[in-house]
Amino acid sequence: GFLYCFCNRKSIIRTSMLKNYFKTAFRSLWRNKRYALLNITGLTLGIAVCLVIYVIIQYEQSFDTFHTRKDRIYRVLTVTPEESGKINYTQAVPFPVPTALPNDFSGFEKVSGIVQMGKRLVALEDKQGNIQKKFKPLVYFLQPSFFDIFDYRWLAGNKATALNEPNSTVLTRSTAEKYFGDWHRAM
């Protein structure tokens, strides 16, 4: 018997052309195996390196994106050359630097020093002065201008008076819940 069908002639030509192209490419690759392997390996490595670089850049750009003035916030580091020629970059700066920067250079609107004091023993006392709980949170000392530079959402209190008093503290919600059970109790 005969089979009659009505179809678009262009699609038949395209399909047969594509099959022919793939056959030709496969035969060429099969004939020159080493050359094909070298080219495919180089292409694969190039794409992999580009993807890794893209992921690293995306990761580095993903921090603290909620700050409204993130394009104007800079971190000052200390560069210390060693005798061996190696250069060390440390996150610490001398104590006078936060005060000296706005005095010596124009263009600094706000400057804040941050000092990490590590894990310090903190005791939670009740109203009678009896110790209820002891814990060792990671403690940072900040200047009040820190909250003028960085945007954080406040659950209670305000940034204008947060660190103006001696021995005052600011806790994140997760830290307050970790040590006090409920952030309302931390108040």
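Everything that follows concerns the structure shown earlier in this document.
Source: prediction; values computed, not measured. (Residues numbered from 1 in each chain as written. Predicted model: local features only at pLDDT ≥ 70, side-chain atom pairs only at ≥ 80, totals over all residues. Heavy atoms only, no water.)

## Focus on the overall build of the protein chain
Part 1 of the argument: Counting secondary structure elements, the protein chain contains 6 helices and 6 strands.
Part 2 of the argument: In the protein chain, the succession of helices and strands from N to C terminus is α-α-β-β-α-β-β-β-β-α-α-α.
Part 3 of the argument: Taken over C-alpha atoms, the radius of gyration comes to 32 Å for the protein chain, far larger than the 16 Å a tight globule of 187 residues would show.
Part 4 of the argument: Intrachain contacts of the protein chain at a sequence separation of at least 6 include 36% that bridge at least 24 residues.
Part 5 of the argument: Surface accessibility of the protein chain: about 16700 Å² in total, with carbon and sulfur atoms responsible for 59%.
Part 6 of the argument: Looking at charge distribution, the protein chain has the averaged site of its 26 positive side-chain charges lying 23 Å from that of its 14 negative ones. (Helix = DSSP H or I, 4+ residues; strand = E, 2+ residues; numbered from the N terminus. Rg over C-alpha atoms; globule rule 2.2 N^0.38 Å. Contact = heavy atoms within 4.5 Å. Areas by Shrake-Rupley, 256 points an atom, 1.4 Å probe, with all protein chains shown as cover. Lys, Arg positive; Asp, Glu negative; His and termini not counted. Charge placed at Lys NZ, Arg CZ, Asp CG, Glu CD.)

## Things to note about the packing of aromatic side chains
The way to describe two aromatic rings as a pair is by their centre distance and the angle between their planes.
Part 1 of the argument: Scanning all chains against the criterion turns up 7 aromatic pairs.
Part 2 of the argument: Ring geometry for Phe26 and Trp30: centres 6.0 Å apart, planes at 20 degrees, overall stacked. Of this pair, Phe26 and Trp30 both sit in helix H1 (residues 9-31), 4 residues apart, which is roughly one turn of that helix. Trp30 shares its class with Phe26; the two are exposed.
Part 3 of the argument: It is Lys33 that lies over the ring of Trp30; its NZ or CZ is 4.3 Å from the centre. (Phe/Tyr/Trp six-rings, centres within 6.5 Å; stacked < 30°, edge-to-face > 60°. Buried < 20%, exposed > 50% of the residue type's maximum accessible area, 1.4 Å probe, protein only. Lys NZ or Arg CZ within 6 Å of the ring centre and 35° of its normal.)

## Side note on helix H5 (residues 173-180)
Part 1 of the argument: Among the residues making up H5, those that are buried are Ala176, Tyr179 and Phe180. The buried residues of H5 occupy one face: seen down the axis, they fall within an arc of 80 degrees. Seen from the open side of H5, the exposed residues pointing more than 90 degrees away from its buried face are Ser174 and Lys178.
Part 2 of the argument: After H5 finishes, the residue Gly181 shows a positive phi value of roughly 90 degrees. (Arc of directions from axis to C-beta.)

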